Amino acid sequence: MARRYSARRELAMTIIAWTVGLAIFFPILWTVLTSFKTEAEAVASPPSFLFFHWTTENYAEVQSRSNYLAHFMNSAVISLGSTLAALVIAIPAAWAMAFSPTKRTKDVLMWMLSTKMMPPVGALIPVYLIFRDTGLLDTRPGLVIVLTLINLPIVTWMLYTYFKEIPGEILEAARMDGASLLKEIVYVLTPMAVPGIASTLLLNVILAWNEAFWTLNLTTSEAAPLTAFIASYSSPEGLFYGKLSAASTMAIAPILILGWFSQKQLVRGLTFGAVK
Amino acid sequence: MATLHTRSAARLMMAPSVLLLLAWMIIPLAMTIYFSFLRYNLLMPGTEEFAGLANYQYFLTDPAFFTALANTLLIVGGVLLITVIGGIALALLLDQPMYGQGIVRILVIAPFFVMPTVSALVWKNMFMNPVNGLFAWIAGSFGLQPIDWLASVPLLSIIIIIAWQWLPFSTLILLTALQSLNEEQKEAAEMDGAGAISTFIYIVLPHMARAITVVVLIQTIFLLSVFAEILVTTNGGPGVQSTNLTFLVYTQALLQFDIGGASAGGIVAVVLANIVAVFLIRLIGKNLEA
């Protein structure tokens, strides 16, 4: 492929793209910068961009005042727990659909996707009342159950698209060579399925971590994950830009890093392999 | 090679997944439908009684409903418009040869991973705040009157915030599609004398059609039920200016404890989503033919 572009054009493109990229990233950058300012400097006008007195006191304050760690743990347990539960339920199903498809397989897949179309608000009231009556309101198990169910269609779809790419002939060949079913699963299938399962896990942890409708409506304090904790800053007495920024930075940093690592899978996963 | 044996095994393996989703779909929906026909307020327990279509009548004739319906569609439409057009532009830009392409890509996709409550709060306080916000400072340094974004143009402000969150997604998907375009095809078109614009219209755009479909489908699912961004920024206000259907039902149920009315609203939201879904499922069903 011959390079048809001049160096000058490449330089121009670089400048434009970097400007646009930094503009889109700016709110995140600004949040991180503000988290290292004192409250006075955080609201100073004109705003100080880099030349301010760097401090980490906001981070210490956030934890000492509000038990940030407890909310972090809630987020971690809920997003990991619901993703693992969804995987356990979805792996056999996706496996069956990929390797033993029937005439109805496609309909089943489409139906599963269609359950995602149901607006959560259509289910909010019953779920809220059931949870209230069974004591699941504001508990981690309650949120794990709900997030598992809302993740399930996406997890099944993603796994299905990954599994479908494993050629069935390899399995047949292994069977011909006299591999037992157990050996076939352990030595042939699993190694080929692991990358797909890992990508699914990663993406769904990200989605569950950021899920806000159910976490905001089904928790108050005990099981509140970071989404709900951060929302509590919208009350007037919580308005401290430095602390708000520190809490926000800590809430988004792990997922941002995870997301950057999984950006390639993100495309395949979220589009069910329709875009490659 | 599917024998009778493997087929029943397959059915068994699918059972938990199918049954759970079936339950998740049917039980809450059936209960919502049932509640929607009751006069049912959590503050007055024991007074539930059959109300016929009164809840629907109340909900559908409430002026707030029409505002919420319009707002729901404006949010979906507005954000889709910004993210699809912006996504195409950004994908074309990022596809050009440049220095540090990988880093720019990382900068551009970052907002997608920011949780909605964080992005809402950050935009609300640090950018759109009429006193301390950066936008106010920028306006002020040009000698302009700062805009009180969330008070004077609440819906637009919310659309901007949500579009910022979703632009990375469409950019990433469209860029991936763009990079799978055969370079030779473009070169051939150029040899035949096609300009940049006609190459884009006749070759690049059709190639991206499927990716655009996917972007529209997935975003619509999420945008129809936007909630956190509204709760954190405007709380639906001023008045109901930035209330969407999801938020309207939420206020009815969990703030006014009117379970009957809220359930009727929930069913209306489900019907609306299904109308949209019928079109979308057909579209993607065609496009996903693997």
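Residues numbered from 1 in each chain as written. Chains lettered and ligands numbered in written order. Predicted model: local features only at pLDDT ≥ 70, side-chain atom pairs only at ≥ 80, totals over all residues. Heavy atoms only, no water.

### Some points on the overall build of chain B
This is how the line gets drawn: Under the scheme used here, helices are H or I runs from DSSP no shorter than 4 residues and strands are E runs no shorter than 2 residues, and both carry numbers assigned from the N terminus. Restricting the calculation to C-alpha atoms gives the radius of gyration, and the globule rule supplies 2.2 Å times the number of residues raised to the power 0.38. Here, residues are in contact when the closest pair of their heavy atoms is within 4.5 Å. Each accessible area is a Shrake-Rupley estimate made with a 1.4 Å probe; only the visible protein chains count as cover when residues are assessed.
Counting its secondary structure elements, chain B contains 13 helices and 2 strands. Computed over its C-alpha atoms, the radius of gyration of chain B comes to 24 Å, more than 25% above the 19 Å expected for a compact globule of 290 residues. With the principal axes as the frame, chain B shows a C-alpha extent of 75 × 75 × 30 Å. Once local pairs closer than 6 in sequence are excluded, the contacts in chain B between residues at least 24 apart make up 70%. With an accessible surface of roughly 12700 Å², chain B has 70% of that area assigned to carbon and sulfur atoms.

### Thoughts on the overall build of chain A
For the record, the criterion: Buried means the residue's accessible area, taken with a 1.4 Å probe over protein chains only, is under 20% of the maximum for its type, while exposed means over 50%, and partly exposed covers the values in between.
Broken down by element type, chain A carries 13 helices and 0 strands. In terms of C-alpha radius of gyration, chain A reaches 24 Å, well past the compact-globule figure of 19 Å for 276 residues. Across its three principal directions, the C-alpha atoms of chain A cover 75 × 70 × 35 Å. Evaluated residue by residue, chain A yields a buried proportion of 54% over its 276 residues. Long-range contacts, defined as pairs at least 24 residues apart, comprise 74% of the intrachain contacts of chain A with a sequence gap of at least 6. Surface summary for chain A: the accessible area is close to 12100 Å², and the carbon and sulfur share equals 69%.

### Thoughts on the UniProt feature "transmembrane region" (unreviewed entry) in chain A
Residues and elements named next belong to chain A. Here is the rule we go by: UniProt positions are given in the numbering used here, feature names are shortened, and annotations may be inferred rather than shown by experiment.
Following the UniProt record, one finds the feature "transmembrane region" (unreviewed entry) at residues 12–33, 76–96, 108–131, 143–163, 184–209 and 240–261. The span residues 108–131 shows a helical share of 79% and a strand share of 0%, and its end C-alpha atoms are spaced 29 Å apart. Secondary structure across residues 184–209 divides into 100% helix and 0% strand, with the first and last C-alpha atoms of the span separated by 35 Å.

### Concerning the environment of B:Ala89
All names here are of chain B. Inspection of the secondary structure puts Ala-89 in helix H3 (residues 63–94). Note on Ala-89: relative accessible area 47%, which makes it partly exposed. A sequence separation of 82 residues divides Ala-89 from Thr-171, and the C-alpha atoms of the two residues are 8.3 Å apart.

### Remarks on the domain arrangement of chain A
Formally: Note: domain ranges come from an automatic or database domain assignment.
Domain parsing of chain A yields domain 1 (7–59) and domain 2 (67–233). Summarising the inter-unit geometry, the C-alpha centres of domain 1 of chain A and domain 2 of chain A are found 36 Å apart.

### Details of the interface of chain B and chain A
As a reminder, the rule being used: Note: buried area is the sum, over both parts, of the accessible area (probe 1.4 Å) each one loses when the two are combined. A pairing counts as a salt bridge when a side-chain nitrogen of Lys or Arg comes within 4 Å of a carboxyl oxygen of Asp or Glu. Polar here means any residue outside two lists: the nonpolar Ala, Val, Leu, Ile, Met, Phe, Trp, Tyr, Cys and Pro, and the charged Asp, Glu, Lys and Arg; Gly therefore counts as polar.
Every contact between the two is made by 100 residues of chain B and, on the other side, 103 residues of chain A. Here chain B meets chain A over a buried area of about 9100 Å², counting both sides, of which 79% is carbon and sulfur. Counting every contact that joins chain B to chain A gives 0 salt bridges. Grouping the amino acids of the side of chain B that touches chain A by side-chain chemistry returns 75 nonpolar, 16 polar and 9 charged.

### Points about a nonpolar patch on the surface
As a reminder, the rule being used: Residues with no salt bridge and a relative accessible area higher than 30% make up the patches, which join like charges within 9 Å and nonpolar side chains (Val, Leu, Ile, Met, Phe, Trp, Tyr) within 5 Å.
A contiguous nonpolar patch, built from A:Leu181, A:Leu182, A:Ile185, A:Val186 and A:Tyr187 and spanning about 560 Å² of accessible area, is present on the exposed surface. Given the relative accessible area of 60%, A:Leu181 is considered exposed.

### A look at helix H10 (residues 196–223) of chain B
Test applied: Working rule for helices: expected span equals 1.5 Å times residues minus one. The angle between axes fitted to the seven residues ending at a residue and the seven residues starting there is what we call the bend at that residue.
Taking 1.5 Å as the rise per residue, H10(B) with 28 residues should run 40 Å; its terminal C-alpha atoms sit only 34 Å apart, a clear shortfall. Its axis deflected by about 45° at B:Ala209, H10(B) carries its strongest bend there.

### Concerning the environment of B:Thr243
Residue and element names in this part refer to chain B. The test is simple: Polar contacts, as used here, are pairs of N or O atoms within 3.5 Å; protein pairs need one atom able to donate a hydrogen and one able to accept it. Residues neighboring in sequence count only if both atoms are side-chain atoms.
Counting through the fold element by element, Thr-243 comes out in the loop between helix H11 (228–233) and helix H12 (245–255). Judged by its relative accessible area of 5%, Thr-243 falls in the buried class. Separated by 3.0 Å, the side chain of Thr-243 and the backbone oxygen of Gly-236 make a polar contact.

### Re the packing of aromatic side chains
Note the cut-off: Stacked, edge-to-face and tilted are the three classes for Phe, Tyr and Trp ring pairs, Trp counted by its six-membered ring, which pair at centre distances within 6.5 Å; planes under 30 degrees apart are stacked, over 60 edge-to-face, the rest tilted. In this scheme, the term charge over a ring applies when either NZ of a lysine or CZ of an arginine sits within 6 Å of the ring centre and within 35 degrees of the ring normal.
Within this structure, the stated rule accounts for 34 aromatic pairs over all chains. Between the aromatic rings of B:Phe65 and B:Phe66, the centroid separation amounts to 5.1 Å while the plane-to-plane angle is 65°, which identifies the pairing as edge-to-face. Its relative accessible area of 6% is what places B:Phe65 among the buried residues. Following the ring pairs from residue to residue traces out a cluster consisting of A:Phe26, A:Trp30, B:Trp123, B:Phe127, B:Phe135, B:Trp149 and B:Trp164. Geometry around A:Phe240 places A:Lys243 over its ring, the cationic atom sitting 5.1 Å from the centre.

### Remarks on the pattern of salt bridges
Think of it this way: side chains of opposite charge can pair up when their charged atoms draw near. Inspection of every chain in the model, using the stated rule, returns 5 salt bridges over all chains. A salt bridge links A:Glu61 to A:Arg65; the nearest nitrogen and oxygen atoms lie 3.1 Å apart. Placement of the pair is A:Glu61 and A:Arg65 together in helix H3 (residues 57–66), with a separation of 4 residues, close to one helical turn. A salt bridge links B:Arg39 to B:Glu49, with the shortest nitrogen-to-oxygen separation between them at 2.5 Å. Within this pair, whereas B:Arg39 is found in strand S1 (residues 38–39), its partner B:Glu49 is found in strand S2 (residues 49–50), the two being separated by 10 residues in sequence.

### Looking at the packing of helix H13 (residues 263–270) of chain A against helix H8 (residues 154–179) of chain B
Put simply, the rule is: Lines fitted to the C-alpha atoms define the axes, with helices restricted to the stretch that makes contact. Angles between their N-to-C directions range from 0 to 180 degrees. For this classification, under 35 degrees means roughly parallel, over 145 means roughly antiparallel, 65 to 115 means roughly perpendicular, and everything else is oblique.
For the pair H13(A) and H8(B), interaxial distance at closest approach is 10 Å and the crossing angle is 85°. Looking at the two axes, H13(A) sits roughly perpendicular to H8(B). Counting all contacts with H13(A), which are made through A:Gln263, A:Leu266, A:Val267 and A:Leu270, the residues of H8(B) involved are B:Phe169, B:Leu172, B:Ile173 and B:Thr176.

### Quick look at unusual backbone geometry
Going from B:Gly237 to B:Pro238, the amide bond is cis rather than trans, its omega being -5°. Here the phi dihedral of A:Asp138 falls at roughly 60°; this positive angle occurs in a residue that is not glycine. For A:Asp138, the location among the structural elements is in the loop between helix H6 (121–134) and helix H7 (140–164). The buried category is assigned to A:Asp138, whose relative accessible area is 13%. Within the chain, B:Asn235 stands out as a residue other than glycine whose phi angle is a positive 55°. Within the secondary structure, B:Asn235 sits in the loop between H11 and H12.

### Some details on the side chain of B:Gln219
All names here are of chain B. Inspection of the secondary structure puts Gln-219 in helix H10. Take Gln-219: its relative accessible area is 0%, and that puts it in the buried class. Leaving out residues up to four positions away in the same chain, Gln-219 has contacts with Leu-80, Thr-83, Trp-166, Phe-169 and Ser-170.

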